[in-house]
Amino acid sequence: GKPAAMAQVFRVGQQKPTEISDRVKQYVKEKNRTMPASLRLSIWNDMSEIFQSRKNLLIKNALIGLTMVIIILGLFLEIRLALWVMLGIPISFLGTFLMMPSLDVSVNMMSLFAFILALGIVVDDAIVVGENIYEHRQRGKPYEKAAVDGALEVAIPVVFAILTTVAAFSPLLFVSGMMGKFIKVIPLIVITVLAVSLAESLFVLPSHLARGKPLEAPGGFIGAIDRVRRGFGERLNRFVGGPYRRLLDSALRNRYTTLAVGIALMLLTAGAFMGGIIKFTFMPKVDGDVIIASIQMPRGTAVDETGKIQQHLVDKAKEVVREYDATRPGKETILRNIFGVVGVSFDLGGPGGGRSNAGSHLSSIALFLTQSEKRGIPATEVSKRWRDAVGELPGVESLTFNSNLMHMGANIDIQLSHDDFEVLDTASNRIRTALEGYTGVSDVEDTYAKGKREIKMRLTPEAGTLGITEEDLGRQVRAAFYGSEALRLQRGRNEVKVMVRYPGEDRRSLWDLESMRIRTPDGGEIPLQRAAVVEESRGFSVISRTDRKRVINITASVDDKVANAQEILDDLVKKVEPVLKGDYPGLTFDYEGEEKERKESMGSMGKGFLFAVFIIFTLLALPFRSYTQPLLIMAAIPFGVVGAVLGHLIMGFDLSILSMFGIVALSGVVVNDSLLLIDRVNHNRREGMELHQALLAAGTRRFRPIVLTSFTTFFGLVPMILETSVQAQFLIPMAISLAFGILFATGITLLLIPSLYVVLEDVRRLAGLKQAMGPIRREERGPALAADHSTDTRTARDTEVLMEKKDAEGLGVGKEG
């Protein structure tokens, strides 16, 4: 069979496809030495090259992303702590590799991409745990005591942060349609990585950090790195204690203005999407190395006639290749092989690919290009130039070009159904005309395949009165021109049929049919023209039905650089469909191809997303013992979506189904920072701080881990986002959704979430409720704190000053201790 590109995988204990490819190439090389000069073997299509190029691309981006994550950790954390935190990445990845066989997941394009997605997320829990342990060290605690207390203090928010992320990725396990089969690999890998990482950060990391002793400032190269880190830490602390604290204070005091700005950003983003500034494309183009041109002539066309059209396309293909080769250095060519066949139409690669049909009216030509990394020219561009060079061909019913590796159906596929076939034919012609009027639309065709010319006979009343039946009429005509079996002769082991029919010279023209005579049951004869009404017409080579109704599918391709398939379909639904339904009552429309796949995938993903949001709310409600605080934490989700959409606008990408997958996964990641912040606010209030100071102290205390976890995720994905290779375009939208969504949500978490906290407090006070969110009863604070408000305020201020002092001595500045 012809495996799809994304199915080119190898499993533990099996041969790699590259090894099989090497063996085949070696066989061809050795065989050619023994064959005559007139006969040569050649490799036509090696799919392992696509697998190898994509694997190398992803590994390269993973290594670059890992380097950037290490640099970010090194800037924010003390060197030894950063090294222990970074150790969680290989531990989590190796643990996942061990579990992949039991998950029935192989090393392929999607699983490697999943590791890149997890690259920045996997260290989030380790950062929070390690940073908190270090903070306890700064209080003068022994290493072991600091490790235990620091890990236990953040264990609950860390566990629930991982659980919310797992809940967000879970809907991708249940996406229906062809796309769901591919995307399922990503959540399996990410969830496994997070599970291993959680165990490592709560048990292994504290164990490592519980050992050691205070070290003097290192010297040499390590000392130089540490001095850079300390300088960065000093500047960061000045920023947190100065500009950020003042900005947060202003946002809290003007909380309704802050909320209004956030809502305005959401409305502007929604307007940009609804207004068509940011477009939606179901599936990004996945560039391949093979261009297929399929020709369909009228049924019954002779092989020689089809061959002439095929040769014209081959000549034009060679002209286009020569034009490109003339612009390349040396004698390099973009073409490896060209293959043409008459009598067969085939389609290689991808879901829905690999089909073939036969007939003298069909032909296919395939250009096998050099690898995209070497030629530097997208196959789609070569295909377009080839199409333009061929031009319009008279007498050709259908001519399509395809260079897309992933095939989820036609960009536009409209299925019409009606009881009357004449209505179907007329309506399909009108839709074809409408589609041809849109810019960027090409390869417009329908499934109404006219059959060969045929003669239809209908029995006359006169023949019926003479006792001739339709069966008699058909049998006699068939016997005259095809023959009737008279006897069989045995010749050795073979059996020979003896057929009786008209002589050859009496079976060459329609006149021979019209002049034949039909026998009556009583032995008489009458001319065929008296026995039947003879009509010449065309039959049907294919009859398609849905729900017992005849259907015709009209398909078209859309150049996504010029037009948008979704916008064209929306325009057809508004303008063309109502008119046709009014003109032809009973006519029904169904949208197949990519639109059907989109509905299936988006429908199942939407249900899964709602379920995931409910699970996230439930998980957050457990540790906070509140119904309102989970909603406050989850307010980061819509703003994460805003960041994802704006990221696509900044990077010049359309939203796609993969972008939606990234947004679904994003919903669990963005709440982690909000969870940590609100948990710290509640902790501060339990220690006696009043609301405003508790929010300020929590913001400054959690600024470092929040920014650090966001930056590691963002910069871990940056290499993939900036990848210019055509091989990576398929995966970039999901990376954009995660990276920019998290980055934007970070600002929301640090400014808008605290403002929302105060707004909800205002609402509760207006509602007459005595206790605010995160209830702090005075009796719980002790007799001294319950005496009067001034004591409460003084205690809160003393606590805040103490925390600021510890922050100033903290991770970015002090010695390891």
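Asks: Pulling in residues and values, what's your account of helix H23 (residues 636-651)?
Replies: With 16 residues, H23 should reach 22 Å at 1.5 Å per residue; the first-to-last C-alpha distance of 22 Å fits that figure. Looking only at H23, the buried set comprises Ala636, Ile637, Phe639, Gly640, Val642, Gly643, Ala644, Val645, Gly647 and His648. Along its buried surface, H23 packs onto helix H11 (255-274), helix H21 (594-624), helix H22 (628-634), helix H24 (657-686) and helix H26 (732-766). Where H23 ends, the next residue or the one after it, Gly652, has phi of about 80 degrees, a positive value.

Asks: How would you explain the packing of aromatic side chains if you had to name every residue and give the values?
Replies: Scanning all chains against the criterion turns up nine aromatic pairs. Look at Phe93 and Phe115: their rings are 5.0 Å apart centre to centre, the planes differ by 65 degrees, and that puts the pair in the edge-to-face class. In this pair, Phe93 is assigned in helix H4 (residues 88-99) and Phe115 in helix H5 (residues 109-121), connecting sequence segments 22 residues apart. The same class applies to Phe93 and to Phe115, which are both buried. Residues Phe239 and Phe703 carry aromatic rings whose centres are separated by 5.8 Å and whose planes lie at 55 degrees to one another, so their mutual orientation is tilted. Here the residue Phe239 occupies a position in helix H10 (residues 220-253), and Phe703 occupies one in helix H25 (residues 691-721), the gap between them amounting to 464 residues. Members of the aromatic cluster, each reached through a chain of ring pairs, are Phe711, Phe714, Phe715 and Phe740. Arg137 extends its terminal NZ or CZ atom over the ring of Tyr143, reaching a point 4.1 Å from the ring centre. One Lys or Arg, Arg385, reaches over the ring of Tyr324 and ends 4.7 Å from the middle of that ring.

Asks: Residue-level account of the environment of Val69, with values.
Replies: Summarising the element assignment, Val69 is placed in helix H2 (residues 48-76). On the basis of relative accessibility, which here comes to 0%, the residue Val69 falls in the buried class.

Asks: Describe in detail the environment of Asp673, supporting the description with residues and values.
Replies: Considering the arrangement of structural elements, one finds Asp673 in helix H24. On the accessibility criterion, Asp673 (9% relative accessible area) is buried. For the pair Asp673 and Thr709, spaced 36 residues apart in sequence, the C-alpha to C-alpha distance is 8.2 Å. Apart from residues lying up to four places away in sequence, Asp673 is in contact with Ile706, Thr709, Ser710, Thr746 and Thr749. Within polar-contact distance, the side chain of Asp673 engages the side chain of Thr709 at 3.1 Å.

Asks: Can you lay out the packing of helix H3 (residues 79-86) against helix H9 (residues 185-209) for me, pointing to particular residues and giving the numbers?
Replies: Running from N to C, H3 and H9 cross one another at 145 degrees; their axes reach a closest spacing of 10 Å. Judged by the twist between their axes, the crossing of H3 over H9 is right-handed. Listed contacts from H9 to Arg80, Leu81, Trp84 and Val85 of H3 are Glu200, Leu205, His208 and Leu209. Of the residues assigned to the contact of H3 with H9, the class counts are five nonpolar, one polar and two charged.

Asks: Got a sec to walk through the pattern of salt bridges? Specific residues and values, please.
Replies: Following the criterion strictly, the structure yields 27 salt bridges and no others. One salt bridge connects Glu471 with Arg475, and the closest N-O pair in it is separated by 3.7 Å. Placement of both Glu471 and Arg475 in helix H17 (residues 470-481) is noted, with a separation of four residues, approximately one turn of the helix. One connected set of salt bridges, linked through shared partners, spans Lys141, Lys145 and Asp149.

Asks: For the packing of H2 against H25, give the residues involved together with the corresponding values.
Replies: Put simply, H2 and H25 touch, their axes get as near as 7 Å, and they point 155 degrees apart. In terms of axis orientation, H2 runs roughly antiparallel to H25. In this structure, H2 crosses over H25, and the sense of that crossing is right-handed. Here Leu58, Asn61, Ile64, Gly65, Met68, Val69, Ile72, Leu73 and Phe76 of H2 lie close against H25, whose contacting residues are Arg704, Val707, Leu708, Phe711, Thr712, Phe715, Gly716, Val718, Pro719 and Met720. Among the residues forming the contact of H2 with H25, the class breakdown is 14 nonpolar, four polar and one charged.

Asks: Report on unusual backbone geometry, specifying residues and quantitative values.
Replies: In the Ramachandran plot, Asp104 falls in the positive-phi region, its phi being about 60 degrees despite a non-glycine side chain. Note on placement: Asp104 falls in the loop between H4 and H5.

Asks: Go over the side chain of Ser364 with me, naming the residues and quoting the values.
Replies: Within the element layout of this structure, Ser364 appears in strand E3 (residues 356-369). What makes Ser364 buried here is its relative accessible area of 0%. Other than its neighbours up to four places away in sequence, Ser364 contacts Ala293, Ser294, Gln310, Phe339, Gly340, Val341, Val344, Ser345 and Phe346.

Asks: Give me the lowdown on the pairing of strand E8 (residues 484-491), citing residues and values where you can.
Replies: With seven bridges joining them, E8 and strand E9 (residues 494-500) adopt antiparallel strand pairing. Residue pairing in the sheet places Gln490 in a bridge with Glu495 of E9. Here E8 folds back onto E9 in antiparallel fashion, the turn holding two residues, of which Gly492 has a positive phi close to 65 degrees.

Asks: Can you lay out H9 for me, pointing to particular residues and giving the numbers?
Replies: Along its 25 residues, H9 runs 34 Å from first to last C-alpha, staying within 8% of the 36 Å computed at 1.5 Å per residue. Within H9, 18 of the 25 residues are buried, which leaves the element mostly enclosed by the surrounding structure.

Asks: Account for the confidence of the model for the protein, with residues named and values stated.
Replies: With 88% of its residues at a pLDDT of 70 or more, the protein has an overall mean of 80. Overall, residues 349-354 carries pLDDT values under 50, and its contacts beyond four positions in sequence, including any with other chains, amount to 15 contacts. This stretch, residues 770-817, has a pLDDT under 50; its non-local contacts, to residues over four places away or in other chains, come to 100 contacts.

Asks: Could you give me a rundown of the side chain of Asn132, with the residues and numbers involved?
Replies: By secondary structure assignment, the location of Asn132 is in helix H6 (residues 124-137). Here the side chain of Asn132 touches Gly150 through a polar contact of 3.0 Å, landing on its backbone oxygen.

Scoring rules and cut-offs
Residues numbered from 1 in each chain as written. Predicted model: local features only at pLDDT ≥ 70, side-chain atom pairs only at ≥ 80, totals over all residues. Heavy atoms only, no water. Helix = DSSP H or I, 4+ residues; strand = E, 2+ residues; numbered from the N terminus. Expected span 1.5 Å × (residues − 1). Buried < 20%, exposed > 50% of the residue type's maximum accessible area, 1.4 Å probe, protein only. Contact = heavy atoms within 4.5 Å. Phe/Tyr/Trp six-rings, centres within 6.5 Å; stacked < 30°, edge-to-face > 60°. Lys NZ or Arg CZ within 6 Å of the ring centre and 35° of its normal. Polar contact = N/O pair within 3.5 Å; in protein donor to acceptor, adjacent residues only side chain to side chain. Axes fitted to C-alpha atoms, helices over the stretch in contact; angles between N-to-C directions. Left-handed = near helix turned anticlockwise from the far one by under 90°. Nonpolar A, V, L, I, M, F, W, Y, C, P; charged D, E, K, R; others polar. Salt bridge = Lys/Arg side-chain N within 4 Å of Asp/Glu carboxyl O. Parallel < 35°, antiparallel > 145°, perpendicular 65-115°, else oblique. Pairing = 2+ DSSP bridges. pLDDT = per-residue confidence, 0-100.

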